[in-house]
Amino acid sequence: MYRRKEYTLLKQRLEEPRHFIQVLMGPRQIGKSTLVKQVIKDLPIPHLLFAADDVPTSQKKWISDCWAQARLMLRAQRLKEMVLVIDEIQKLTGWSETVKKEWDADTYNDVPIKVLLLGSSRVLLERGLADSMAGRYEEIRMSHWSYTEMRDAFGWTFEQYVFYGGYPGSAILISDELRWRDYILSSIVDATINKDILQDTVITKPALLRQTFELCAAYSGEIVSLTKMLGQLQDAGNTTTLAGYINLLSQSGLVDGLQKYAMDKARKRASIPKYQVYNNALKDIYVDKSFQDAQMDRKLWGRIFESAVGCWLMNEAFRHRWALYYWRDGADEVDFVLRRLDKTVAIEVKSNNETDTHGLHVFQEKFHPVQSVIVGQSGIPAEIFLSMDLQELFT
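Residues numbered from 1 in each chain as written. Predicted model: local features only at pLDDT ≥ 70, side-chain atom pairs only at ≥ 80, totals over all residues. Heavy atoms only, no water.

A. Main features of the sheet that holds strand β4 (residues 113-118). With parallel pairing, the five strands of this open sheet are ordered in space as β2-β3-β4-β1-β5. With partners counted over all chains shown, the strands left at the sheet margins are β2 (47-51) and β5 (137-141), one partner each. Ignoring which end each strand starts from, the neighbouring axes of this sheet average 20° apart. Judged from the three bridges that link them, strand β1 (residues 21-25) and β4 form a sheet pairing that is parallel. Opposite Gln22, over in β4, you have Leu116 as the bridge partner. (Pairing = 2+ DSSP bridges. Helix = DSSP H or I, 4+ residues; strand = E, 2+ residues; numbered from the N terminus. Axes fitted to C-alpha atoms, helices over the stretch in contact; angles between N-to-C directions.)

B. Main features of helix α9 (residues 206-218). Its 13 residues place the ends of α9 19 Å apart at the C-alpha level, agreeing with the 18 Å of an ideal helix rising 1.5 Å per residue. Residues of α9 that are buried sit in contact with α8 (177-197), α10 (226-231), α11 (239-251), β6 (255-258), β7 (274-277) and α13 (281-284). (Expected span 1.5 Å × (residues − 1). Contact = heavy atoms within 4.5 Å.)

C. Main features of the nonpolar core. Within the largest apolar cluster, 94 residues are counted, with the highest numbers of intra-cluster contacts made by Leu313, Leu338 and Phe385. Top element by residues in this core is helix α15 (residues 298-320). It accounts for eleven residues. Each residue touching Phe385, except ones within four places of it in the same chain, is listed here: Val309, Trp312, Leu313, Ile347, Val373, Val375, Ile380, Leu390 and Leu393. Phe50, Leu92, Val99 and Leu125 belong to the second-largest nonpolar core, a separate cluster that totals 29 residues. (Core = buried A, V, L, I, M, F, W, Y, C linked by side-chain atoms within 4.5 Å. Buried < 20%, exposed > 50% of the residue type's maximum accessible area, 1.4 Å probe, protein only.)

D. Region of the structure containing unusual backbone geometry. Residue Arg78 is not a glycine yet carries a positive backbone phi of 50°. Here Arg78 shows up in the loop between α3 (61-76) and β3 (82-87). Located in the positive-phi region is Asp110, a residue other than glycine, with phi close to 55°. Structurally, the position occupied by Asp110 is in the loop between α4 (95-108) and β4. Under the relative-accessibility criterion, Asp110 is labelled exposed at 68%.

Here's what the structure looks like:
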């Protein structure tokens, strides 16, 4: 079975002496539970694994019951240490307070139980962690599958990755595009919006939230003002509502609105967003052409291609906690700007036969990035760029 790179990090963390709760975080259907099962199978430490799938949301006492079983096993088998894994913990109301209480009790009594938490909702996990878990946990961030992972695990070509995105569960379905689209819509889009967002967030217009996602996904890779977006939505409300919905969709690993790069933070916040999905499957389910026909439409394929590069950058930025922007000044534009601490990298994506790099030169003169990269025509081939360790760009 294919192992993602987070396997090694998680295994190392769980083999270390007990210091922090480990929280495995990421969007739906990217293999978090599979990774955990791989790790605990190979750990030389006994473990207990519980899942809150069918537990009533109000039963946070269930968490204490899981902990009690772990302590009993520890004492009964005279173990030096053990790992307690709780999956889908975010489904239980007030889970973070109970986890904090049990963890602190073990810390006070020198009980050597290591704890791993994970769940399908990044939104609810982050909210719970922010409530009362400060100083007690470490995050391991898992992103959507990359081109190299889909290639190595499923034998995909670069073009297949560009169109079908990086959901491993969809790999066996791409020979039947209707089944593939149904899977992405039901298992990813519907599940994320209905279970992760609407379950614990008061949304006055759920239909508008869904429409906002669909429009942002269709516009992935394009710069569109919120005012123009409102004109295409039914019962749209105002731009503040729309911006709030986009923020929720971003926290859920679906789509974000990138801000314009500027030295002034106020100008960043006031900028027109550039929409970018986290996984190109989320854009291409709304493309009215098949994989083969999309490749024949050079203008359409160019937009899909740029969005695929943006997906890679979005996920790497999430994993490493970098910032990702775009830049535009009049007619001059740079597709993506990565920022880590005080270092900036400018990235221009060229599909088809585009050769104009004037915007990149203007950006270099204004902001002096440590690297300026052209991806595609007359630059780094996209297959190579999407296989790179992007940390090297900052050196």
